[in-house]
Amino acid sequence: MQTPILSIEHLTVAYRLQGEWFEAVCDISLNVDAAQTYGIVGESGSGKSTLVQAVMGYLSANGAVQQGAIYFEGEDWLRASRQRREQLWGARLSMVPQDPLSALNPALTIGEQIAEILVCHRYASRRAAQARAIEMLRRVKLPDPEGIARRYPHQLSGGQQQRALIAMALASPELRLLVLDEPTTSLDVTTEAAILDLFAELQDNHRAATLFVTHNLGVVARMCQRVAVLYAGEIMEDAPTEALYSAALHPYTRLLLRAVPRIGDSAPLQAIAGRIPSLRQRPSGCVFAPRCPAALERCHVHKPALERADDGHLVRCHRWREIAEGALRFEETAAELRRHEMRHVEDSLFDHLFSAKQSSTQTTVMRAEHVRVRYGVHSALSRLLGTKPPFRAVDDVSMRIPRGKTLGLVGESGSGKTTLARSLIGLVAMESGEAHLLDVPLRGTPRQRAKATLKAMQMIFQHPEESLNPYRTIGQTLRRPLVTLLGMSRAEADRAAADLLRAVNLPADYLSRFPSELSGGEKQRVAIARAFAAQPALILCDEPVSSLDVSVQAAILNLLAQLQAQYDVAYLFISHDLAVVGYLADYIAVIYRGQLVERGAAQSFFAPPHHPYTEALIASIPLPDPKAKARRVRLPDDQPSSVVPSGCRFHPRCPRYLGEICRTHEPPWQRDQQGRFYRCHIPPHELAALQTENGA
Amino acid sequence: MRATTRLSAARSTPTLRLNLTRRGRLLRRLWHDAPFSVIGGIGVLLFLIVALIGPYLTPYHPTANSLPDRNQPPSLVHPFGTDNFGRDILSRIIHGGRNIFALTGTATLIAVGLGLVIGLHVGYLGGWLDQIVMRLIDALLALPALLLTLVLLGALGNSRFTVLVAIVILYVPIVTRVVRSVVLDVKTKAYIEAAEISGESRFHILFREILPAVLPTLAVEGALRFSYAIFLVASLGFLGLGVARPEPDWGLMVSEARDWYALSPHMLFFPSAAIVALVVCVNLMADGLRRLLEYSEVD
C-alpha cells in the first residue's frame, strides 16, 4: 500500500475570538491518494474553508491547529518550516480559489504570472517558462493562447480567468496535490460545465491528488470518487460517491439530497429546519441533532463516533443501522410535505390582511410590451468627450404574467434579467416600451407613481444581507409598508407585523430583533414578509434563493409556493438556475443578452425542441446523481464585450450554428406543437430531431 | 391602548439591556486593544468637566491684576504660577478652556449639522445638484484655512462670532464630503430601494434609513473637526485675532508669554501644554470612536 499524498489525522482547528478559542474544524481524518479526487461537501459554516486553509498552511493569524496532524507525502506539513513550505507551494501543492479575479494580479499579464511559478521554482529559464505558460494555456483550451498570455486579467471573462488559474495551478511538472476551493461557484452554469469538463479531462493526465471543496452536490457527483460530507466542522459521512448518493446513511446527507430541486420533478422539496450552529454554540451531543428529525435523547447528549458501516463507508450517527436496514424513515413523502404546507396555511393569522381584497377579475397582472432599457446614456457633454457607448441591457422584451401564476425568467449574469425587473418597478428608467400593471400604465420613478400602483407590485432582493436595514429592527422594517401603503395605525401595524412574521414561519418576538441577529434564510423570510405586507398582486423575486444554502433554499422555495397558493399572488421569479425556476414556475422564459430566446409553459419545458442556448443550459446543470451521463452540449466561453453580435445574438457561441443566415438575420419566433416559442432559424421538427438524437 | 403601551415597553426592555451589556463589552475590548484611546476619551471628559464647573471653583478672577505677584513661578498659592500682570495662570487656563469649548464646540456642532444635511441630500439626490454643490465645495477647499479666516475677520470685524462663522464655512464642505461618500455607498443597498418602492417619503429615507449608517462616521469626523477647530482658534488667538484683550485665551497667552520666556518659562509651558493635551486627547478619542465603529461592523 503506497502512502497517500495527503493524509489528515484527527485535525482540530480553532479560532481565537476575543480571548476564547472556538473549534471550526473538529477531529477530521481523511486520506487522498494519487489520481484520486476527494470531494468535501458542506454548507456555509461547515468549516470547509478552514479545512482548505489548514491543508494549504494559510490559516489566518487567529486560527491554530489544536490537535492532529497533516502529512503531505509522508512529511509532517504542520511542522514544516516557512522555507520548506515556500519550496512546495506552487511546485507540488497548488490551489484554484473561488474568485478568479481577486486571485490574479491585475498588474501582470497572464503569461507572466504563469511563468513566474516556473522561474521561481527553477523549473525553467525565463524564456522557456514563457513558452511553457503558453503551452499550459493551450492545455486548458483557451483560444489564442499567445494572445491570452499577453493580456491582463481584466481583459478576460470569468471563465477564461478561471482557466488561466487552472493553467497556473497545473504549471508545475511536479504537482502532487491540487486543492480546488469552490472553483466554479462564481461562474455561470454553462461556463461551470465547461470548466468541470476540463477538470475531468486533466485529471486523467496529471495524476495528482485532488481535494475538491464545494457546496454543490451536483458538482461532486460528477467529479469525485469519494466524498466527505462536512457539517459544523465534523465529518458526518464519508463514502465512495456511488454509495453516498444511492445509499446515504446519515440523516443530514439524506435530507440534503432531497432538498435539491431537480429538473422535471415538481414534488415539494425537503427543507431542513433550523440552521447550522455557530462556532460559539456547538451542541455537546451530535452536532446535527438540533435539526435532525430522527434525533433521540441520546443524540443530544452523546456525540456519536465516526463508525465504519461498510467497506470504506464511514458515518457519524447513532442510528445508522436502522437507516441502513430501512427501519427508520424520516424523509417526508411528497403527500406528507404537501399536507405539512397546508397546515401552515390554515394556521396563518395573516388572512385578515387580505380579507378586504377587492375581487378583481383581471386575469393578467402584468403586461409588458417591447421594453428596452439602456445604460450609460450621458449628457451631450460626456458624449462629446467620448465616454463608453450606451449599452442596451434589455432589448425588446414582451411578456404577460397571469394572476396567481409564476413566470420564471432564466438567464446568466449580464443577460439583463434583473434590469428588466428593476425597470418594471421603476428603479431604472425604461428607454421605450410599455408596461401595464393591472391595466394601469407604469411610468416614472416609484416616487412619481400612485400609491395603489406601488402597493400592487413589490420586490424581493437577491442578497438578504442588504435587503434589511441593519440599523432598524424587524418590527420597524415590517411596520413601514403597513403604515405608508395601507394607512394602518401604529397599533394595527404592530399586530399585522406579528401576523406577517408568523405567516413566514418566524416567531413574533423577532419583531424587536435587529437583522444582524438573524441568519441569511431568516432575513430572506423577513424580506418576503415585507413584500407581502402591502398585499401586492405581483412580486418580483430577484434571485431570492441564490445566496442561500441548499437546505435553506428549499424552505424558502416551499414558503413562496405556499404563500402564492394562499394569496393568489403572481411572481416574476428571476434566477440563473433552471432547476430552481422549473420547480416554482408555471411559465418559463429564457433571456440571453437582453432578448428572450424561448418562452413556454413549464410543464413541457424540458422536452425538446429547445433554443440551442436553452439546450446548453439544461445540459450544463450538474445533477446530484453520479450515474447520470454528462450531456455533451457545451458552449465556448463568452468574450467580455459590450458589442451586441449582429443577426442572432447567440451565433458566436451557438453549437448549432447554421452559417451566414445566423450572422446576418435576426431569427424569427417559431412555435412548436406544444405551443412553446423560441427564436431560432432552425424549424421545430428539425431542432427536435437534432436534440433527441443527441440526448439519447 | 394601555395594553399596547405596556406591551411595547416590555418589548423594549430586553433590547435596552442587551445594548448596555454590548456597550460595556465593546468598551472593555477597546481598553484591551487601544488603551490610549480610552484615556483620551477620559481626558476630553475631564477637560469638559473642568471647563463647565471650574470657573466657579477658581480662587482668582482670570483678569484680576495683582502687580506684587508678577511672574511668580508655580507654587501652592498659584499652582501654575502667575503672568506679567500677576494674573493666576491656572484660573486663566480654566476660563480660557471654557471659552474655547464654547466657541469651537458650537462651531463644530453647526458645521457638522449643516454638513450632514447637505451631504445627505446631495449624496442621495445626485445629478446636477450634486455636481454643482461638489464643485463649490472643491473651490472652498482650495482656499487656505487661515487665509480665509483672516479675510473674514477683516470683512466682518474682529470678533468671536466671525471666528465661529469662519469655522463653519471651513468645515461644512469637509463634513459634507464625508457624509456624501457614505450616502453614495448606502443608497445602492437593497433596503433603500425597498423603501423607495414602498413609497417612503424623502425625509424618511434620508433621516430614518440612511442617517443611522452615517452617524458612526460622522461622530469620528466631528471629533476630528473639533480638534482642528481648537488648533485654529488657538492659532488665531496667538495672532491676537478673534479675542478681546484681557479675556483669557490659550493662544493669546502663548503669544504674550513669548516675551517673558527667559524670565518665567512656566507662562509659556502651561497654556501650550493645555492646547497640546486637549488636541491629543480629542484625536485619541476620535481613534477610539473609529475602532468602536469597526467593532460594531464586524459584529
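All figures in this text were calculated on a predicted structure; none of them were measured in a lab.

1. A closer look at the overall build of chain B
Along chain B, the regular secondary structure elements total 10 helices and zero strands. For chain B, the sequential pattern of α-helices and β-strands runs α-α-α-α-α-α-α-α-α-α. With the C-alpha coordinates aligned to their principal axes, the bounding extent of chain B is approximately 75 × 45 × 40 Å. Per-residue burial for chain B yields a buried fraction of 39% across its 299 residues. Of the contacts formed within chain B by residues at least 6 apart in sequence, a portion of 70% connects residues at least 24 apart.

2. A look at the domain arrangement of chain A
Interfaces are often sized by the accessible area lost when the parts come together. All names here are of chain A. Taken domain by domain, chain A comprises domain 1 (100-171), domain 2 (247-336) and domain 3 (348-361 + 405-428 + 444-592). Taking the mean C-alpha position of each, domain 2 and domain 3 sit 30 Å from one another. For the side of domain 2 that touches domain 3, a count of residues per class yields 10 nonpolar, two polar and two charged.

3. Things to note about the packing of helix α7 (residues 158-169) of chain A against helix α8 (residues 189-206) of chain A
All names here are of chain A. Where α7 contacts α8, the axes come no closer than 10 Å and their chain directions differ by 20°. On the basis of their axis angle, the class for α7 and α8 is roughly parallel. Remark: the crossing between α7 and α8 carries right-handed chirality. The segment α7 lies against α8, with Gly-158, Gly-159, Gln-162, Arg-163 and Ile-166 engaging Thr-191, Ala-194, Ile-195 and Leu-198. Looking at the contact of α7 with α8, its residues break down into four nonpolar, four polar and one charged.

4. Focus: the interface of chain B and chain A
At the junction of the two partners, chain B supplies 18 residues and chain A supplies 25 residues. Among the secondary structure elements, those contributing two or more residues to the side of chain B that touches chain A are α1 (2-33), α7 (190-197) and α8 (202-238) of chain B. Residue contributions to the side of chain B that touches chain A peak at six residues, all from α7 of chain B. Residues of the side of chain B that touches chain A, tallied by class, amount to six nonpolar, four polar and eight charged.

5. Some remarks on the sheet that holds strand β8 (residues 209-214) of chain A
Pairing between the strands of a sheet is mediated by backbone hydrogen bonds and can be parallel or antiparallel. All names here are of chain A. Read across the open sheet, the eight strands follow the order β6-β7-β8-β3-β9-β10-β12-β11; overall the sheet is mixed. Here the strands that pair on one side only, and so sit at the sheet edges, are β6 (93-96) and β11 (307-310). Pairs of neighbouring strands in the sheet enclose a mean axial angle of 20°, with direction left out of account.

6. Topic: the environment of Cys-286 of chain A
Residues and elements named next belong to chain A. Within the fold, Cys-286 resides in the loop between α11 (251-259) and α12 (297-301). A count of 28 C-beta atoms within 10 Å places Cys-286 in the buried class. It is 9.7 Å that separates the C-alpha atoms of Cys-286 and Glu-234, two residues lying 52 residues apart in sequence. Not counting chain neighbours up to four residues away, the residues in contact with Cys-286 comprise Cys-299, Lys-303 and Pro-304.

7. Digging into the nonpolar core
If you look at the biggest cluster of nonpolar residues, it comprises 284 residues, and the most contacted ones within it are Leu-538 and Leu-572 of chain A together with Ile-167 of chain B. Top contributing element to this core by residue count: α8 of chain B, with 16 residues. The contacts of Leu-572 of chain A, once residues within four sequence positions are left out, are Ile-401, Leu-407, Leu-409, Ala-421, Leu-538, Leu-540 and Cys-541 of chain A.

8. Observations concerning the sheet that holds strand β23 (residues 669-671) of chain A
Residues and elements named next belong to chain A. With mixed pairing, eight strands are arranged side by side in an open sheet as β18-β19-β20-β15-β21-β22-β24-β23. Sheet topology places β18 (457-460) and β23 at the edges, where each strand pairs with a single neighbour. The average angle at which neighbouring strand axes cross in this sheet is 20°, direction not considered. Sheet topology places strand β21 (residues 587-592) next to strand β22 (residues 595-601); six bridges connect them, and they run antiparallel. Looking at β22, one finds that Val-590 is bridged to Glu-598.

Thresholds applied
- Residues numbered from 1 in each chain as written.
- Chains lettered and ligands numbered in written order.
- Predicted model: local features only at pLDDT ≥ 70, side-chain atom pairs only at ≥ 80, totals over all residues.
- Helix = DSSP H or I, 4+ residues; strand = E, 2+ residues; numbered from the N terminus.
- Buried ≥ 20, exposed ≤ 12 C-beta atoms within 10 Å, placed from the backbone.
- Contact = placed C-beta atoms within 7 Å.
- Domains from an automatic or database assignment.
- Nonpolar A, V, L, I, M, F, W, Y, C, P; charged D, E, K, R; others polar.
- Axes fitted to C-alpha atoms, helices over the stretch in contact; angles between N-to-C directions.
- Parallel < 35°, antiparallel > 145°, perpendicular 65-115°, else oblique.
- Left-handed = near helix turned anticlockwise from the far one by under 90°.
- Pairing = 2+ DSSP bridges.
- Core = buried A, V, L, I, M, F, W, Y, C linked by C-beta atoms within 7 Å.

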